[in-house]
Amino acid sequence: MASSTNRNSGTDYSSFANWNPVSSCRWNHEKIIGAGKHKFVKTGTYENYPGRANSKACVVKLLKTGANFSSECFHDDVRCAEAALPYIEKFHEYFRSAFPKFYPGGQTFIKVNVPTVWQQINDHNGNRGQKILVEPLIPNFTKFNSNSGKADARCKIAQALSHFSYHASDGREILCDLQGGRDGKNYVLSDVVVMSADKKYGITDLGLPGIENFCAHHVCNCFCSRLWKTWSGARRHYQPEMCTTITLDVEHIPVPLSARKYQRVFPSDIMFTQKSIKDRFHDGNTLLYTALTLARQEIQKSDIPMITVVQCKDGTLRSLDNRRLAVFRLLGMTRKIHKIKVEIVPVSRVADEYNRKFDGGNGEEIHVRQSNQTIGRYEWTTKFRQLAEIKNTYPSQSPQDAALALLLGSLTDE
Ligand SMILES: [Zn+2]
């Protein structure tokens, strides 16, 4: 059992905070639901909770015996959560004006768990006085991105929120390690990290190199504004991992970037992993519209986000991004682009995605579903009605790089 010693008072941003509803809880020592390198995570229940039969669930974090830093790091977790609140508030403002149609009822839809540091007061194992971190339990917990730059592209609003925080802080901070789940009408984020140029948020704050690295991996999507600040030429410093990287681990965790493999190849030399694709991307744009939009722009190769490619045992390169490859094939055979830069990853690193997508075809061509169109390696193996239209489309006079980047950012297969 534990009790509050420093219940935070509300702030101006309290409507975006998800607080512990009461100030004491008990937990089951056996029920470990997660463990980091230095922490155990256990579930517990709030005591004297006025709701359903004292059964409101909470999460309790305890340091492992022998962890080589003190429970003071719990206060960093609290400070990160509190630092996130102004970003969440401003992001709602942005969202309300930019996407009035999508804005659900005008009310708050993202909250942040603000944990509190409590002390054990009733323990038979001599742990009395030991600090713990307590916050409400979030159901259906999912991780959206990490502080080392890994991002789940399907969770577009979360990726846009991280980019927004970079913009709103004028490049001094970035809110990341976004994870959480739906609790009623809200998405509640938990265990967020703020990285800062001053490295003031503790062991998960990777400082300026962390911010630069995050920017280097971030791909804008339809919820990012083209007006937001970006870090052009940002360098990658860490191998993106979904787990949280802490500074004490930095010398061990990141894979050196020299271990990453890039190659410039013709789109016609990359094979598909599927026999057919839909005609539209998730943003609703068709393959043709996307190809034409790209053909009209003066494409800088650096604007094109990399396709992830797997090298099979026989040396064949296969793309995991089939619709994007289809568009690049169309642009390649109409001589709008030449080689594209791809990242080659071992099958083992993307085994789940590869096995889910690969349907046994030779990958030379891909059929566009519900049409009689087929995109092959070359013009003469391609049946795409508007190929001539793409061929006759040239860069417009005023290229809008930002719009292009925005469009490219939304081209994912997921
Ligand atoms: Zn963005």
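A brief structural summary. (Residues numbered from 1 in each chain as written. Predicted model: local features only at pLDDT ≥ 70, side-chain atom pairs only at ≥ 80, totals over all residues. Heavy atoms only, no water.)

## Notes on empty space enclosed by the protein
Enumeration over the complete set of coordinates arrives at one cavity of 30 Å³ or more. Quantified by volume, the largest cavity comes out at close to 50 Å³. What lines the largest cavity is simply K61, D77, A81, N113, P115, L133, E135, D191 and V192. Counting only elements with at least two residues in the lining of the largest cavity, the list comes to α1 (72–98) and β8 (131–136). Split into classes, the residues belonging to the lining of the largest cavity amount to four nonpolar, one polar and four charged. (1 Å grid on protein atoms, 1.4 Å probe; cavity = no way out; pocket = protein on both sides within 12 Å on 5 of 7 lines; lining within 4 Å. Points joined across faces, edges and corners; volume = space filled by probe spheres on them. Helix = DSSP H or I, 4+ residues; strand = E, 2+ residues; numbered from the N terminus. Nonpolar A, V, L, I, M, F, W, Y, C, P; charged D, E, K, R; others polar.)

## Some words on the sheet that holds strand β12 (residues 186–189)
Across the sheet, which stays open at both edges, the five strands sit in the order β2-β6-β12-β11-β9 with mixed pairing between neighbours. Each edge of the open sheet carries a strand with a single partner, namely β2 (17–18) and β9 (142–143). (Pairing = 2+ DSSP bridges.)

## Notes on the environment of V194
Turning to its location among the elements, V194 is positioned in strand β13 (residues 193–196). Spatially, the C-alpha atom of V194 lies 9.8 Å from that of D76, the residues being 118 residues apart in sequence. With residues up to four places along the chain from it excluded, the contact list for V194 reads C80, A83, A84, E173, I174, L175, Y201 and D205. (Contact = heavy atoms within 4.5 Å.)

## Digging into the sheet that holds strand β21 (residues 374–375)
Pairing is mixed across the open sheet formed by three strands, whose spatial order is β16-β20-β21. The sheet is open, and its two edges are formed by β16 (276–277) and β21, each paired on a single side. As defined by bridge partners, strand β20 (residues 366–368) adjoins β21 across two bridges and the pair is classed as antiparallel. Bridged to I366 within β21 is I375.

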